[in-house]
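Listed below, chain by chain, are the residues.
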Amino acid sequence: MVVLLRVFKKYCPVSCTNSDVTPLNFVQIFCSVEFGIIALVLFHYLILTFKFNKSKRMPDINQELERPIFSPSQLKDLGYKDKSYLSTILENQADMLRYLQEKNETLTQKLYQQNQKSLPNIN
């Protein structure tokens, strides 16, 4: 913007066209066009956001917690549990930690497999 003002001040001190458009008018036109382009881009982004939110996809962690997965290590956790507020929070945190540990293990295995594929075979 400062560069634009300097150029207009140097090359068009009073008027730049026959229709008496001053440098200030050029700056106003430039700002209006710039605002119009930004408004269109933001409107497009708003539409994309509404479409994404309309699909109402749940976060991955919620999808995994809804599916009961019972491994032998988790069988000892089954049974009667008191449903007080604190125990509910602790139970949710424990479930989250268990899920994240399992996710970490699977991602580590996938990373290991990818590294094995990408390394050249040395014979």
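Shown above is the structure to which this text applies.
What counts and how
- Residues numbered from 1 in each chain as written.
- Predicted model: local features only at pLDDT ≥ 70, side-chain atom pairs only at ≥ 80, totals over all residues.
- Heavy atoms only, no water.
- Helix = DSSP H or I, 4+ residues; strand = E, 2+ residues; numbered from the N terminus.
- Areas by Shrake-Rupley, 256 points an atom, 1.4 Å probe, with all protein chains shown as cover.
- Expected span 1.5 Å × (residues − 1).
- Salt bridge = Lys/Arg side-chain N within 4 Å of Asp/Glu carboxyl O.
- Buried < 20%, exposed > 50% of the residue type's maximum accessible area, 1.4 Å probe, protein only.

Remarks on the overall build of the chain
Per the secondary structure count, the chain includes 4 helices and 0 strands. Its helices and strands taken in sequence order, the chain reads α-α-α-α from the N to the C terminus. Per element, the accessible surface of the chain, about 11,400 Å² overall, is 64% carbon and sulfur.

A word on helix 2 (residues 23–54)
In this model helix 2 runs 46 Å from its N-terminal to its C-terminal C-alpha over 32 residues, within 8% of the 46 Å that 1.5 Å per residue would give. Once helix 2 finishes, lysine 56 follows within two positions and takes phi at roughly 50°, a positive value.

Let's talk about the pattern of salt bridges
Following the criterion strictly, the structure yields 1 salt bridge and no others. Close ionic contact of aspartate 95 with arginine 98 constitutes a salt bridge, the shortest N to O distance being 3.0 Å. Placement of both aspartate 95 and arginine 98 in helix 4 (residues 85–118) is noted, with a separation of 3 residues, approximately one turn of the helix. A relative accessible area of 26% places aspartate 95 in the partly exposed class.

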